[in-house]
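Coordinates in review
One letter stands for each residue in the lines below.
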Amino acid sequence: MQYEHKHIEEKWQAKWKADKTYRVENDATKPKYYALDMFPYPSGAGLHVGHPLGYIASDIVARYKRHCGFNVLHPMGYDSFGLPAEQYAIQTGQHPAKTTEINLARYREQLDRIGFSFDWSREVRTSDPAYYKWTQWIFLQLFDSWYDVSQNKARPIAELIARFEERGCKGQDASVLTGDIEEFVGEFDATEWKAFDERTRQMILQHFRLAYLSDAWVNWCPALGTVLANDEVKDGVSERGGHPVERKRMPQWSLRITAYAQRLLDGLDGLDWSESIKEAQRNWIGRSEGALVRFALTPGPSPVEKGAQAPSWAERPGYLTADQRSAGKLQRYARENRKEPTEAEEKLWQQIRGKATGGRIRRQHVIDRYIVDFVSLPKRLVIEVDGGIHEQTLDEDAARTERLKELGFDVIRFTNEEVIAEIPRVVEAIKAELRSRPDATSPGISPSPSEWGPGGVGNSPQRPPADAHTTIEVFTTR
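Residues numbered from 1 in each chain as written. Predicted model: local features only at pLDDT ≥ 70, side-chain atom pairs only at ≥ 80, totals over all residues. Heavy atoms only, no water.

Here the focus is the packing of aromatic side chains. As enumerated under the stated definition, the model contains 21 aromatic pairs in all. When the ring of Y78 is compared with that of Y107, the centres are 6.4 Å apart and the planes differ by 70°; the resulting orientation is edge-to-face. In this pair, Y78 sits in strand β3 (residues 77–78) while Y107 sits in helix α4 (residues 96–114), placing the two residues 29 residues apart along the sequence. Assigned by exposure class, Y78 and Y107 land together as buried. Pairing W193 with F196 gives two aromatic rings, centres 6.4 Å apart and planes at 75°, and the pair type is edge-to-face. Taken together, the ring pairs in this structure connect Y55, Y78, Y107, F116, F118 and W120 into an aromatic cluster. Sitting over the face of the ring of W120, R108 holds its NZ or CZ atom 4.0 Å from the ring centroid. Here R353 stacks its cationic end above the ring of W217, 4.7 Å away from the centre of that ring. (Phe/Tyr/Trp six-rings, centres within 6.5 Å; stacked < 30°, edge-to-face > 60°. Helix = DSSP H or I, 4+ residues; strand = E, 2+ residues; numbered from the N terminus. Buried < 20%, exposed > 50% of the residue type's maximum accessible area, 1.4 Å probe, protein only. Lys NZ or Arg CZ within 6 Å of the ring centre and 35° of its normal.)

Laid out in structure tokens, this is it:
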């Protein structure tokens, strides 16, 4: 007798569908069990062998748990919003809404034929507005929250703003509030907070929000027009399409997951996971035990210092060095300049960005009333790349250099031609200059009161502006 497996399977699969055999209801009388698979990308003509390879294993577990009396939730869905679906639509020349719907139907047909015990009443499609409106909502909750170290939980950013308006961010507050941020914001009182323009306030709040913008090294694929995760890059090309991928520093939305490091570590203890997996998670979180010590460099200004005329930005956080009267306009121009660098500027930037020189270099940064090409704020070194226009603006550039020196910055210059033709020599010259200079926050470089002049900080090339960086932090592990 011939075994008509297709007929038998069609009959019982139809009955399971009609009877809603695998639909799960809330039932408090049974112990709960959740079997969740990774949702597939519906970006091709159908499933590949890797899909059922994983789904069969989890389906076996789900069926076993049902027989053991558990109320099993075993859903399925589609990760249909993003690059894979978009690229498939581009390759086939069709609208992504159409290709996605066709692919979803094909995937569902194949999954049903295999006979998986999914509860399809709980199907998820990430491209469905009814779904992604909640991911957007979650992002807004993160953006409008900060991590309160004292309470060990997130709190509304409005509460932090109210705190700044009431007492600023000084003393112990500054230490507690900045416990997780990568760069010390600096102290300010309530009066100073209220005097900051809106852009400055938002820049400060970026250091506290759980969702925030930051410059990060990413895998940029020009052909796909997007950033790729590490597992989407194989041997220097994109896994999808085989397009070249380059490392590039770009503004990215980040999540302040490090604020939750200790809670994540503590939570591992109660998980029913193998010890090897939990140990891998602990290593990934990477906690280091030690002490963070902050030393004050200037106990307080002398009467003479108080009477000196400091720049308008002197008491603001160390990276906010724009003249407050023109900060908004200058910072807007600086952002535009970053988008359209000259060939020489872009070539030099790619060589000195990130930690390539041993410390952070900022580009198109506003200092007082000027936009400088590049600057190391800790070393108080400005790096300028001069084009042909420099020959016509020698007097203006000399005055600009003199003003920067008054503010404690030294200036080194290179021509466009030098950068383009001799980039290794230029980069080495910059590194040598940076190595020869102590940090502006190092002990022993504070000037005497006589070095303050009517225009601001005096002529000492190592003299930092009287900004928030009057402390030095040292972290040591045990």
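Having seen the model, we can carry on.
On to the pattern of salt bridges. For the structure shown, the criterion picks out 26 salt bridges. Residues R209 and D144 are paired through a salt bridge, measuring 3.7 Å at the closest nitrogen-oxygen approach. Here the residue R209 occupies a position in the loop between α9 (198–205) and β7 (211–221), and D144 occupies one in the loop between α5 (129–143) and β5 (145–148), the gap between them amounting to 65 residues. Owing to a relative accessible area of 4%, R209 belongs among the buried residues under this scheme. Judged by its relative accessible area of 38%, D144 is partly exposed. If you follow the salt bridges from partner to partner, you end up with D269, E275, E279 and R282 in one network. (Salt bridge = Lys/Arg side-chain N within 4 Å of Asp/Glu carboxyl O.)

Further remarks concern the packing of helix α10 (residues 261–268) against helix α11 (residues 275–285). Relative to each other, α10 and α11 sit at 170°, their axes nearing to 10 Å. In this view, α10 runs roughly antiparallel relative to α11, as classed from their interaxial angle. Seen from α10, the contacting residues are A261, L264, L265 and L268; seen from α11, they are K278, Q281, R282 and I285. Among the residues making up the contact of α10 with α11, the classes are represented as 5 nonpolar, 1 polar and 2 charged. (Axes fitted to C-alpha atoms, helices over the stretch in contact; angles between N-to-C directions. Parallel < 35°, antiparallel > 145°, perpendicular 65-115°, else oblique. Contact = heavy atoms within 4.5 Å. Nonpolar A, V, L, I, M, F, W, Y, C, P; charged D, E, K, R; others polar.)

By the element assignment, Q331 lies in helix α13 (residues 327–339). Once the C-alpha coordinates of Q331 and I371 are considered, the two residues, 40 residues apart in sequence, prove to be 8.3 Å apart. In contact with Q331, not counting residues within four places along its chain, are R199, M203, A322 and V366.

What follows deals with the side chain of N103. Tracing the chain through its elements places N103 in helix α4. With a relative accessible area of 4%, N103 lands in the buried category. The contact partners of N103, leaving out residues within four places of it in the chain, are P42, S43, G44, A45 and Y88.

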